[in-house]
Amino acid sequence: MKLVTIFGGTGFVGRYVARRMAKQGWRVRCACRRPNDAPFVRTYGSVGQVEPIFCNIRDDDSVRAAIAGSDAVVNCVGVLEETGKQTFQALQQKGAARIATMAKKAGVAQFVLVSAIGADENAPSEYARTKAAGEKAVLDAFPSAMIVRPSIIFGHEDEFFNRFAGMARMAPLLPLVGASTKFQPVYVDDVAAAIELGVLGKAEPGIYELGGPDVSDFREWMREMLATIRRRALILNTPMPIAKLMGWGFDLVKSATFGLIAGPLTLDQVRNLGQDNIVGEGVKTFADLGIQPIATEAVLPDYLWRFRPSGQYAESNDSAENLHKAPERMKGGSNRAGFS
C-alpha cells in the first residue's frame, strides 16, 4: 500500500485530499502541529489507514521524519495572518523549500504544492510574495512538482462565506474591503480532485490556476450569500486609503500587545484584497485536468442554511406558506375566470 504525506493534512484543503487518497487505497500521513486535535481524519479510511502525526515544518528533523517512506508528498501549509514564529516567510517560503528539498532527497516520486492565485514576487502583499518565493524554491528542488493556485476556496469549513454570513446574521451592515475586486471561488473538493491527480501521477508537472465557473466582484458574491441565507444587509465598501489606515492601526495594536489583541484584518490582507483573484490567460487550468468545477449555487445552500432566520426549517416553512397561499390563488383564479 502506497503512502502519501500531507503537510497541513488536517486543515481545510488537506482533509479533503486525505479523504480522497484514502478512497484510492493509499495510507495517509497527515502532518500537523496538533495531531491530538485531529482524530476526525482517522475516520476517512480503515483502521490505521489515515494517521495524524506531529510535525513542525520549521524544523529539519521533524520534516524528515514525516516524509520518511513516502511515495508522494503534498504541501497544503499556508497562513493568511502571521502569528509569532508562524510567519509568511517561515512557512510559505522556507517551509516549502525545506519540504521539497527533503522530499527529493528521500526519493519521493510525486510532489504537489498548494499555492494561491496572485503569487508574484512583485506583489504588494507579503503573503503573495512569499507564495511566489515558495513556488520557485519548490521548482528548484523538485522540477517535476505540480503547483496548484486556487482562487478563494469555498466549502463547509471555509472562512469566506461562513465568516460574512455570520456577520450578516448579527448586524444589518456588511463592510467590505475591495468590494470591486474580482474573485473566482472554487469548491474545496474540486481543488482536492486536482491534487489527487498530481499524487497519482496523472497530471503533467507545472503550475495550474484553479477557479470556479463564475467570476464576479466581491460585492456580487456577498449578494449571492445574502440571497442564500435569506437576509438583508447594507453592503458598504471601505475605501482603500481608509482600509489601509485601519489595517496599519490593527497591526500596531497587535504588535503592542504581543499578539494578544488581533484586529479583524491586517495591512497585508488589505493590500491583497486590492488585487483581482481570478484565473489568468494562457495558463493551465481545470480543463487541462479534465475536471469540471462546481458552481457556488450548487453548494452554498448545503452549509449556509444555518445562517437563515429559520435555520434548518426555512425550506419546510416556505413549503407550508406556499400550501397556505395555494387556496387563495385558486380562489382568485376562479373569480377572474367568472368575470372573463
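Residues numbered from 1 in each chain as written. Predicted model: local features only at pLDDT ≥ 70, side-chain atom pairs only at ≥ 80, totals over all residues. Heavy atoms only, no water.

K.L.:
Where do I start with the sheet that holds strand S5 (residues 110-114) in this structure?
P.N.:
Either a parallel or an antiparallel arrangement is found when strands of a sheet pair, and the pairing is made through backbone hydrogen bonds. A sheet is described by the order of its strands in space; here 7 strands give the open sequence S3-S2-S1-S4-S5-S6-S11, paired in parallel fashion. Each edge of the open sheet carries a strand with a single partner, namely strand S3 (50-54) and strand S11 (206-210). Adjacent strand axes in the sheet meet at a mean angle of 20°, parallel and antiparallel pairs treated alike. Taken together, the 5 bridges between strand S1 (residues 3-7) and strand S2 (residues 27-32) define a ladder with parallel strand orientation. Within the sheet, the bridge partner assigned to Thr5 lies in S2 and is Arg29. Lying on the sheet, helix H4 (residues 126-141) is in contact with S5, strand S6 (146-150) and S11; it crosses S5 at an angle near 170°. (Pairing = 2+ DSSP bridges. Helix = DSSP H or I, 4+ residues; strand = E, 2+ residues; numbered from the N terminus. Axes fitted to C-alpha atoms, helices over the stretch in contact; angles between N-to-C directions. Contact = heavy atoms within 4.5 Å.)

K.L.:
Help me understand the packing of helix H3 (residues 88-105) against H4, please; the structure alone is not making it clear to me.
P.N.:
Helix packing geometry: the angle between the two helix axes and the distance between the axes. Packing of H3 against H4 leaves a shortest axis separation of 8 Å and a crossing angle of 10°. Relative to H4, the element H3 lies roughly parallel. Where H3 abuts H4, its residues Phe88, Gln89, Gln92, Gln93, Ala96, Ala97, Ala100, Thr101 and Lys104 lie against Glu126, Tyr127, Thr130, Lys131, Ala133, Gly134, Ala137, Val138 and Ala141. When its residues are assigned to classes, the contact of H3 with H4 shows 9 nonpolar, 6 polar and 3 charged. (Parallel < 35°, antiparallel > 145°, perpendicular 65-115°, else oblique. Nonpolar A, V, L, I, M, F, W, Y, C, P; charged D, E, K, R; others polar.)

K.L.:
Can you walk me through the state of the cysteines in this structure?
P.N.:
Should the sulfur atoms of two cysteines be covalently bonded, the bond is a disulfide. Tallied over the full model, the rule gives 0 disulfides. The thiol sulfur of Cys32 is not disulfide-bonded, and the nearest other cysteine sulfur, from Cys30, lies at 7.1 Å. For Cys32, a relative accessible area of 7% corresponds to the buried category. Sulfur of Cys55: no disulfide; nearest cysteine sulfur belongs to Cys32 and is 8.8 Å away. (Disulfide = S-S within 2.5 Å. Buried < 20%, exposed > 50% of the residue type's maximum accessible area, 1.4 Å probe, protein only.)

K.L.:
What's the story with a nonpolar patch on the surface in this structure? I'm lost.
P.N.:
Side chains of Leu173, Leu234 and Leu236 sit close together on the surface and give an oily, nonpolar patch of about 270 Å² of accessible area. Assignment of secondary structure puts Leu236 in strand S13 (residues 234-238). Judged by relative accessible area, which is 41%, Leu236 ranks as partly exposed. (Patch = residues over 30% accessible without salt bridge, like charges linked within 9 Å, V, L, I, M, F, W, Y side chains within 5 Å. Areas by Shrake-Rupley, 256 points an atom, 1.4 Å probe, with all protein chains shown as cover. Salt bridge = Lys/Arg side-chain N within 4 Å of Asp/Glu carboxyl O.)

K.L.:
Even after reading the chapter, I still don't get the packing of aromatic side chains, so can you show me in this structure?
P.N.:
A ring pair, where both rings are aromatic, is described by two values, the distance of the centres and the angle of the planes. Under the counting rule described, the total for this entry stands at 12 aromatic pairs. Ring centres 6.4 Å apart and planes at 65° place the aromatic pair Phe40 and Tyr44 in the edge-to-face group. When the ring of Phe88 is compared with that of Tyr127, the centres are 5.9 Å apart and the planes differ by 75°; the resulting orientation is edge-to-face. Note that Phe88 is positioned in helix H3 and Tyr127 in helix H4, a separation of 39 residues in sequence. On the basis of relative accessible area, Phe88 is assigned to the buried category, the value being 3%. Classification of Tyr127 by relative accessible area gives buried; the value is 13%. (Phe/Tyr/Trp six-rings, centres within 6.5 Å; stacked < 30°, edge-to-face > 60°.)

K.L.:
I'm lost on the pattern of salt bridges in this one. Help?
P.N.:
Side-chain pairing between opposite charges can occur once the charged atoms of the two side chains come close. Applying the stated criterion across every chain, the model contains 10 salt bridges. Between Asp60 and Arg98 there is a salt bridge, with the nearest N and O atoms lying 2.6 Å from each other. Taken together, the residues span a long stretch of sequence, with Asp60 in helix H2 (residues 60-67) and Arg98 in helix H3 at a distance of 38 residues. Between Asp61 and Arg64 there is a salt bridge; the shortest N-O distance is 2.8 Å. Of this pair, Asp61 and Arg64 are both found in helix H2, 3 residues apart, which corresponds to roughly one turn of the helix. Given a relative accessible area of 54%, Asp61 falls into the exposed group. Of the residues examined, Arg64 reaches a relative accessible area of 45% and is grouped as partly exposed. Through salt bridges with shared partners, a single ionic network connects Arg20, Asp189 and Glu196.

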